[in-house]
Every structure is written in C-alpha cells, then in structure tokens.
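One-letter residues, chain by chain:
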Amino acid sequence: MLKNLLDTKHCFKLVCGAGNEEVEDIKRLVYIYAIAGCRFFDLSANEQVISVAKEALNLARVEDAYLCVSVGIKNDPHVNKAIIDYDRCVNCGACEAVCPQSAIHYAKVKKTKCIGCGRCWKVCSRAAISYVSEEKDLKEVLPSIIEKGVDCIEFHAMGVDEEEINSKWQYINDNFDGVLSICTSRGKLSDEGLVDRIKQMINGRKPYTTIVQADGFPMSGGDDDYKSTLQAVATAEIVQNEKLPVYIMLSGGTNEKTAELAKMCGILYDGIAVGSYARKIVKRFIDRSDFWSNSRVIEDALEVAKPLVDSVII
Ligand code: SF4
Ligand code: SF4
C-alpha cells in the first residue's frame, strides 16, 4: 500500500511532469528511477502515459511501485503550454536554449514535451511567448484513469479561484477513495491562506489519507544547492507547525540537498518529490538513441540518479 511507503518517512517521488506527455521520455525516466530505488511516480493524467510507466516498471522488474496522476485548475502553471506569436518572434533561439524539456526547435513548441515552466517566456526579449491553459475536464479523464489503476490523485490547488478548486476537489473526493495529494504553495496565498486552504480541503477526509505537497517554487529546480530548495523547506515548516493528520511531502525546487536541509531545520517530512532536478541530471542519457541497446548508458544514468534517490530513502 502507498500508505506503507509514506509511513517509512523516506518516500522519494519522481515527478515526470503534470504536462509531460512525451511517452518515450517518460518510459526511460521511470525505468531509470525505478532501478535507482524510486517507488512513487507522478505522471500526467493521460492513459498512454500511465501505460508506458507500467511498461517501464515491468521492464525494471519492479512490482511494489505506486503511481500518482496530477490534475490542475485553469491557469495552474503545471498545465500551461507555451505558444509563440510569429508576428513578434525573430527566431533568435534564446527560448530553445533555456528549455529544460527540449520542447522548442526552431521556434516551434512541441506540446507533449512542454511542462509550462516559464523559462522561455522569461528570456524572450520580443514578448512573443504566452501560455494556454490545458487543464483537463475531470469528468472526461478521471473515470478512465481510475479504471486504469492509479494509487493517488494529486490536485494542484494553486490559484485563487476558490469555487473551481472546491468543485474539482469535491469531484475527486466523490469518485476516488485512494490517497489524495494536495499540491499547493505560497505563490498566491499568504501563510495563513495556505493553512486555511489545506484545513478546508482535508475537512471530512480520514486521517493520513492525504498528502500535502508543500511546493516551494513550482518547477524552479535544476540547481543542486540549498538556495533552490529553501522555499520547499519553509513551506513544509508552515504545514508541519499545524500538526495536521496529513503526510508532508516537499516539492518545488527540490534536489539532492533537500533532505539534508530539511533535517537541519527540524522538518519531519514523509517524502520528497523531485521533478526538474531529477529530470535534468539524467537528460543526456534519456536523449541517447542507444538508450535501450547500450547497457553502459543506463549504468551511467544510474550513477547520477541513485545518489539523488538515496539522499531521501536512506
Ligand atoms: S526567444 Fe522569443 S524571439 Fe527568440 S525564438 Fe523564442 S519566441 Fe522567438
Ligand atoms: S521552457 Fe518550459 S514553458 Fe517554455 S517550452 Fe520549454 S517546457 Fe515549455
């Protein structure tokens, strides 16, 4: 059971990306991290993505892993996709150079790869990049996703539209009786507002059936230093101080230093979810055309992935 994994207080979750629907990349990511010891995987709410993740687990001969799918509200950054206005774009290549997903080629965005991280928007001097929100209609996607067999649904409750948050959360609660995860941050809420939202969302749920994913800065990871992970630790502290009957998972800017910093700060987390940094360190191996045929590629990928997983599970 997923609860047993969370009860170890050393749960490492690999975040493949709520908007990442590039199935071959996901298969490789799940395969590497499963062999490295990860047992909890966060995926886009997409049937094909779930199927390839399961295939990767079979290939890695891992049977005791758990899957989570992520869904969001409109304009949640995790479900945004970059679009380019060609009346403004001068094809300078700056966006392509910073995209962590290699989602841009010659000023064209490959939607299945884009995770809405915002890096391209920040560097575009021509203000040619904007975003479209691709939040999913829960009533359309959830029934088939649940039928496919997932252990957890993560709801990205970032934003201020209380009505949308409440109605979607209610729908998820009414239709799924497994572990639910609330991913939220202080980005648009005060500390008090964050705590109030969590309390409201867990009201009526059984103790320890909810994960609160304390997101520092969503999708900000990439560097392996204390500064990148500081906000995740700070957000977790706010949740921890409330002594709520929830599992606490750090995320957003997490890296190999997160567990160490959290322990130094007295944060008693149950798990750490790592996305941007985990994907970045194995990207050069994932991108290899001989990934499946050259065992050396996977051995080299494991050399960088395993210390990250071990930093949490040991
Ligand atoms: S950074 Fe802006 S101007 Fe340059 S290629 Fe990208 S979209 Fe076009
Ligand atoms: S930089 Fe981020 S938002 Fe822009 S295309 Fe790449 S993944 Fe999408």
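Residues numbered from 1 in each chain as written. Chains lettered and ligands numbered in written order. Predicted model: local features only at pLDDT ≥ 70, side-chain atom pairs only at ≥ 80, totals over all residues. Heavy atoms only, no water.

For the rest of this paragraph, the subject is the nonpolar core. Formed by 82 residues in total, the largest nonpolar core has its most connected members in Y33, F41 and L250. Beyond its immediate sequence surroundings of up to four residues, L250 is in contact with A214, A232, V233, A236, T258, A262, I267, Y269, G271, I272 and A273. (Core = buried A, V, L, I, M, F, W, Y, C linked by side-chain atoms within 4.5 Å. Buried < 20%, exposed > 50% of the residue type's maximum accessible area, 1.4 Å probe, protein only. Contact = heavy atoms within 4.5 Å.)

Look at helix α2 (residues 23-36) against helix α11 (residues 276-286): their axes get within 11 Å of each other, and the N-to-C directions meet at 110°. When the axes of α2 and α11 are compared, the pair comes out roughly perpendicular. Side by side, α2 and α11 meet where D25, R28, L29, I32 and Y33 of the first sit next to A278, R279, I281, V282 and I286 of the second. Per-class residue counts for the contact of α2 with α11 are 7 nonpolar, no polar and 3 charged. (Axes fitted to C-alpha atoms, helices over the stretch in contact; angles between N-to-C directions. Helix = DSSP H or I, 4+ residues; strand = E, 2+ residues; numbered from the N terminus. Parallel < 35°, antiparallel > 145°, perpendicular 65-115°, else oblique. Nonpolar A, V, L, I, M, F, W, Y, C, P; charged D, E, K, R; others polar.)

Taken together, I84, C89, V90, N91, C92, G93, A94, C95, C124, R126, A128 and I129 are the residues near ligand 1. Among the residues forming the shell around ligand 1, the class breakdown is 9 nonpolar, 2 polar and 1 charged. (Near = heavy atom within 4 Å.)

Moving on to the pattern of salt bridges. For the structure on display, the rule yields 22 salt bridges. Here K9 and D270 are joined by a salt bridge, their closest N and O atoms 2.7 Å apart. Of the two residues, K9 sits in the loop between α1 (2-7) and β1 (11-15) while D270 sits in the loop between α10 (258-264) and β12 (271-274), which places them 261 residues apart along the sequence. With a relative accessible area of 4%, D270 lands in the buried category. One salt bridge in this structure joins D85 and R88, with 3.8 Å as the shortest N-O distance. (Salt bridge = Lys/Arg side-chain N within 4 Å of Asp/Glu carboxyl O.)

Examined at the domain level, the protein breaks down into domain 1 (2-74 + 137-313) and domain 2 (78-133). Placing a centre on the C-alpha atoms of domain 1 and another on those of domain 2 gives a separation of 24 Å. With 19 residues of domain 1 in contact, the opposing surface of domain 2 contributes 16 residues. Both faces combined, the contact of domain 1 with domain 2 buries some 1,400 Å², and carbon together with sulfur accounts for 48% of it. On the surface where domain 1 and domain 2 come into contact, there are 2 salt bridges. Across the pair D25 and K113 runs a salt bridge, and its minimum N-O distance is 3.4 Å. The interface formed by domain 1 and domain 2 holds 7 residue pairs in polar contact (both at pLDDT 80 or more) in total. Grouping the constituent residues of the side of domain 1 that touches domain 2 by class yields 5 nonpolar, 6 polar and 8 charged. (Domains from an automatic or database assignment. Buried area = accessible area lost by both parts, 1.4 Å probe. Polar contact = N/O pair within 3.5 Å; in protein donor to acceptor, adjacent residues only side chain to side chain.)

A few words on the sheet that holds strand β11 (residues 247-251). The parallel closed barrel is built from 8 strands, whose spatial order is β1-β2-β3-β8-β9-β10-β11-β12. Shown here is a sheet whose adjacent strand axes are inclined to one another by a mean of 25°, direction ignored. The pairing of β1 with β12 spans 4 bridges and is classified as parallel. From the neighbouring strand, K13 faces β12, where its bridge partner is A273. (Pairing = 2+ DSSP bridges.)

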